[in-house]
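# Architecture at a glance
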Amino acid sequence: MKNIYKLALISILSTPVFPSQFITIGTGGVTGTYYPTGGAICRFVNQYKKESKIRCSVESTDGSLYNLNTLKNGELDFGIVQSDIVYQASKGEGAFKNAKYPKLRSVMAIYPELLTLVTNKDANINKLLDIKGKKINLGNSGSGNETTTLTLFSASGINKSDLKQATTFGSSEMPDALKNNQIDGYFYMVGHPTANIKDAANSTDVKIIPFDNDILDSLVEKYPYFTKGFIQAGTYKDQSNDIATFGVKAVLVTNENVNENVVYLLVKAILENFDEFKKLHPAYENLTKESLLNGLSAPLHDGAKKYFMEVGLIK
């Protein structure tokens, strides 16, 4: 009996014990596309949790700038951020002119986001310049949504002071604000289709406003991270035409200090289940494995680079 007990004790002591590691992805409002995207990523990472001991969870946040700043402060492990904000942070430009983030690392580009102007039909807004004298929501103060909108204003000769009121409702608040006539319209940088705009269109009569081609051309020429795009006709209720606009990529980013094996596993989890991942949201429909590497302004994290090299997507 003593020998059996001794052998059992040796067996217990010699069995390696690996503590669980918890990682968090900063996303956006629950009615946007960032939040379900974070959930989709965690879903596949957590399929490997017994072997990896890694547990993934998502956090609803104020979006790109919040995610990037919290990542920088070590309060998040990953964040989903607009590619224009990633560019500015990695280059020390724009909102990051005096706060360059050299340890920012890309994990993968996910889907295209398009700046969208959603208006109440009764507001009589038919083109961008018609927002002058109106109550327009620009997004959370200091957010990527607001930053991109103000860049559009600059290219179009519009000032915030031209508006009757510039509001700062969060993404989840915008449809109700439009319905209740607190605002005449709102700008939203998002992947399509999104529950946010569907909610707005189902609760009130809305009109999505296209942007003039000359403005789009000037933006794309001046800013390397912007690209022209369109919201396909029929995406939302009563939307009979394609809507011309511009956008960026939603990019999953992390900090240089995040463990290489954690980043490697996350990328592996998505790539090995890629076809299933694409079915989780309509915004992923046109994704390819190659497109995950397009639109990256910050260097790839070593863990991501290792996996992409293993499968031959980079050399």
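Structure: see above.
Rules used throughout
The residue numbering used here restarts from 1 in each chain and proceeds along that chain's sequence as written. Only residues with pLDDT of 70 or above have their local features reported here, since the model is predicted, and side-chain atom pairs are shown and tallied only from 80 upward, although totals for entire chains, interfaces and linings are computed over all residues. To get the side-chain values, all heavy atoms of the structure are used, and hydrogens and water are removed first. By salt bridge we mean one thing: a side-chain nitrogen of Lys or Arg within 4 Å of a carboxyl oxygen of Asp or Glu. Buried, partly exposed and exposed residues are distinguished by accessible area as a fraction of the type maximum, computed with a 1.4 Å probe on protein chains only: under 20%, between the cut-offs, and over 50%, respectively. Criterion for a disulfide: a pair of cysteine sulfur atoms within 2.5 Å. Helix and strand definitions follow DSSP, with helices as H or I runs of at least four residues and strands as E runs of at least two, each counted in order from the N terminus. As used here, the term nonpolar core means buried Ala, Val, Leu, Ile, Met, Phe, Trp, Tyr and Cys residues forming a set that is joined through side-chain atoms within 4.5 Å. The contact definition used throughout considers only heavy atoms, calling two residues in contact when any of these lie within 4.5 Å.

Moving on to the pattern of salt bridges. Opposite charge on two side chains allows them to pair when their charged atoms are near. For the coordinates displayed, the defined rule picks out six salt bridges. Put simply, Asp130 and Lys127 hold a salt bridge, and the shortest N to O gap is 3.1 Å. For Lys127, a relative accessible area of 42% translates into the label partly exposed. Residues Glu272 and Lys268 are paired through a salt bridge, measuring 2.7 Å at the closest nitrogen-oxygen approach. For Lys268, a relative accessible area of 22% translates into the label partly exposed.

What follows is about the state of the cysteines. By the definition in use, this model includes one disulfide. Residue pairing for Cys42: its cysteine sulfur links by disulfide to Cys56, the two sulfurs lying 2.0 Å apart. Across the disulfide from Cys42 to Cys56, rotation about the S-S bond amounts to roughly -55°, and the bridge is consequently left-handed. You can see Cys42 sitting in helix α2 (residues 34-45) and its partner Cys56 sitting in strand β2 (residues 54-59), a full 14 residues away along the chain. With respect to burial, Cys42 and Cys56 carry one shared label: buried.

Our next topic: the nonpolar core. Ile41, Phe78, Met108, Leu252 and Phe277 are the most contacted members of the largest nonpolar core, which totals 40 residues. It is helix α10 (residues 260-271) that contributes the most residues to this core, nine residues altogether. In this view, Met108 contacts Ala250, Val251, Leu252, Leu266, Val267, Ile270, Leu292, Leu296 and Phe308; residues no more than four positions away in its chain are not counted. If you look at the next biggest cluster of nonpolar residues, it comprises 25 residues, including Leu138, Phe187, Ile215 and Tyr223.

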